[in-house]
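Examination of the molecular architecture
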Amino acid sequence: DPQAIAEAGFAATVEQARHYDCLLALEDTTSLEFTHRTVRGEMGHTTSNRRSRGMHAHSVLLFAPDEQHVVGLIEQERWTRDLQAYGQNQRHASRPYEEKESYKWERASRAMETRLGPDMERIISVCDREADIIEYLTYKVSNHQRFVVRSMQSRCIKESTEKLYQYSGSLERADVRTVQVRQKGGRKARKATCDVRYAPVTVKIPANKTGEPVPLYYVGCQESGSDNGLSWHILTSEPVRSKEDAKRILDYYEKRWLIEEFHKAWKSGGTQVEGLRMQSRENLERMVVVLAFIAVRLHQLRYLGLNKEEAEKQSCETVLSPLAWKLLWSKQSKSKPPKKAPSLYWA
């Protein structure tokens, strides 16, 4: 069963997670689009284009910020949208929260807690704007789960008659931060100089929902002198009482790009999962899962190898087992493997 293969991988990640005091759970969703005809009939739509075919996957990748290690996948949900429900998003407001696709964020947290148990207290979920859902924020706070979520909308707060984003402009500047804006699509890479502000806030429940206000901390990072420049509004459960605390939260959020790098290792730059040519959906999903864990290994090696000087000092056995690196050696060289393991940079 594809999920049984996945659970074996998650169990291995749980074992690795016990070696770290703090772990970021980097979350995001991607679509896998398959062009081969044999499986297209069993796929659902993936975009606003009715003819697109594939499946979706919501993955959670653990990263150790202090040690700078990509640890492994702790959760992944895969699903295919119902072709008959195309356009269902138009009825979004009338559907129960648990039936919406956006419930995936809470479902991922529940799955992590089931696997990690008491170790969940060392996990900080790091999510982009799609996770700014009042039900999700309420769930995380009420269950004492830690998180860093980028805000998608300027919410009403108890501290001011103004909404959150307007209120943030009245806060004193606590620090200045240089952010490396990554190249994406038609956007060029550049450096942005930003003002950092922070404050405790209490987010009100929207008028069309029920529940108690949610106490959080806010961290803002906005490009100086630019109305249309970089602008991050972060909501977090982590106490932020100093500029050092604010810096740590922004450091955590900046690591979110690593889940996008995992998707690249899975889809385009590594295992090329979308090129699979399987005869059935079940076989396809089995290989999708296997390649996800191989993509994590590629991601681990590449991330550590970016720092060439440090990677040349370390043994590749920090990531690979003796058998694994010897198999890799046999693919690269006709000579016998050396007695001493090569460097991590070699791997």
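Fair warning: this is a prediction, and the values are worked out from it, not measured in the lab.

Here we come to the overall build of the protein chain. Looking only at helices and strands, one finds 10 helices and nine strands in the protein chain. For a compact globule of 347 residues, the expected C-alpha radius of gyration is about 20 Å, and the protein chain comes in at 22 Å, within 12% of that figure. Overall, the C-alpha framework of the protein chain stretches about 70 × 50 × 45 Å when taken along its three principal axes. Across the 347 residues that make up the protein chain, the buried fraction comes to 48%.

The relative placement of two packed helices comes down to the angle between their axes together with the axis-to-axis distance. Their axes nearest at 9 Å, the elements helix α3 (residues 104-116) and helix α4 (residues 134-142) cross at an angle of 20 degrees. Taken as axis vectors, α3 and α4 run roughly parallel relative to one another. From α3, W105, E106, S109, R110 and E113 reach across to α4, where they touch E135, Y136, Y139 and K140. The class makeup of the residues in the contact of α3 with α4 is three nonpolar, one polar and five charged.

Our focus in this paragraph is the pattern of salt bridges. Applying the stated criterion to the full structure yields 28 salt bridges. In this structure, the salt-bridge partner of K104 is E130, at a minimum N-O distance of 2.7 Å. With K104 in helix α3 and E130 in the loop between β4 (123-127) and α4, this residue pair connects regions lying 26 residues apart in the sequence. The class of E130 is partly exposed, set by a relative accessible area of 40%. As a salt-bridge pair, R155 and D132 come within 3.1 Å of each other at their nearest N and O atoms. Of this pair, R155 sits in the loop between β5 (146-150) and α5 (164-169) while D132 sits in the loop between β4 and α4; the two residues are 23 residues apart in sequence, bridging distant segments of the chain. Salt bridges here are not isolated pairs; linked through shared partners, they connect E15, R18, D119 and R122.

So, on to the environment of W232. Among the structural elements, W232 can be located in strand β9 (residues 231-236). By relative accessible area, which is 10% here, W232 ends up buried. In sequence terms W232 and E75 are 157 residues apart; their C-alpha atoms lie 26 Å from each other. With residues up to four places along the chain from it excluded, the contact list for W232 reads R150, V179, V219, G220, C221, L250, Y253 and E254.

This paragraph deals with helix α1 (residues 2-17). For α1, which comprises 16 residues, the first-to-last C-alpha distance of 23 Å matches the rise-based estimate of 22 Å (1.5 Å per residue) to within 8%. Residues P2, A6, G9, F10, T13, V14 and A17 constitute the buried set of α1. Around the axis of α1, the buried residues are gathered within 150 degrees of arc, so they sit on the same side. The inward-facing, buried residues of α1 contact β1 (23-33), β2 (54-64), β3 (69-79), α3 and α8 (281-305). The N-terminus of α1 is capped by D1, whose side-chain oxygen sits 3.0 Å from the backbone nitrogen of Q3.

Before going further, it helps to examine the layout of surface pockets. Here the largest pocket is characterised by a volume of approximately 1200 Å³. Along the walls of the largest pocket sit 35 residues, with R182, R187, R256, W257 and E260 positioned nearest its centre. Per-class residue counts for the lining of the largest pocket are 10 nonpolar, seven polar and 18 charged.

What follows deals with unusual backbone geometry. Despite not being glycine, Q68 has its phi angle at roughly 60 degrees, a positive value. Within the secondary structure layout, Q68 lies in the loop between β2 and β3. For Q68, a relative accessible area of 29% puts it in the partly exposed group. Of note in this structure, H144 is not a glycine but carries a positive phi near 55 degrees. Looking at the element boundaries, H144 is found in the loop between α4 and β5.

Okay, the sheet that holds β9 next. As summarised here, the arrangement of the nine strands in space is β3-β2-β1-β4-β5-β9-β8-β7-β6, forming an open sheet in which the pairing is mixed. Two strands close off the open sheet at either side, each with one partner strand: β3 and β6 (175-181). Each strand of the sheet is rotated relative to its neighbour by a mean of 25 degrees, with strand direction disregarded. As judged from the 10 bridges shared by strand β7 (residues 190-203) and strand β8 (residues 214-223), these two strands associate in the antiparallel manner. Directly across from D195, in β8, lies its bridge partner Q222. Against the sheet, helix α7 (residues 257-267) engages β1, β2 and β3, with an angle of about 40 degrees to β1. Sitting on the sheet, α8 touches β1, β2 and β3, and the angle it makes with β3 is about 155 degrees.

Criteria and cut-off values
Residues numbered from 1 in each chain as written. Predicted model: local features only at pLDDT ≥ 70, side-chain atom pairs only at ≥ 80, totals over all residues. Heavy atoms only, no water. Helix = DSSP H or I, 4+ residues; strand = E, 2+ residues; numbered from the N terminus. Rg over C-alpha atoms; globule rule 2.2 N^0.38 Å. Buried < 20%, exposed > 50% of the residue type's maximum accessible area, 1.4 Å probe, protein only. Axes fitted to C-alpha atoms, helices over the stretch in contact; angles between N-to-C directions. Parallel < 35°, antiparallel > 145°, perpendicular 65-115°, else oblique. Contact = heavy atoms within 4.5 Å. Nonpolar A, V, L, I, M, F, W, Y, C, P; charged D, E, K, R; others polar. Salt bridge = Lys/Arg side-chain N within 4 Å of Asp/Glu carboxyl O. Expected span 1.5 Å × (residues − 1). Arc of directions from axis to C-beta. Polar contact = N/O pair within 3.5 Å; in protein donor to acceptor, adjacent residues only side chain to side chain. 1 Å grid on protein atoms, 1.4 Å probe; cavity = no way out; pocket = protein on both sides within 12 Å on 5 of 7 lines; lining within 4 Å. Points joined across faces, edges and corners; volume = space filled by probe spheres on them. Pairing = 2+ DSSP bridges.

Everything listed is a geometric property; what it means functionally is a separate question.
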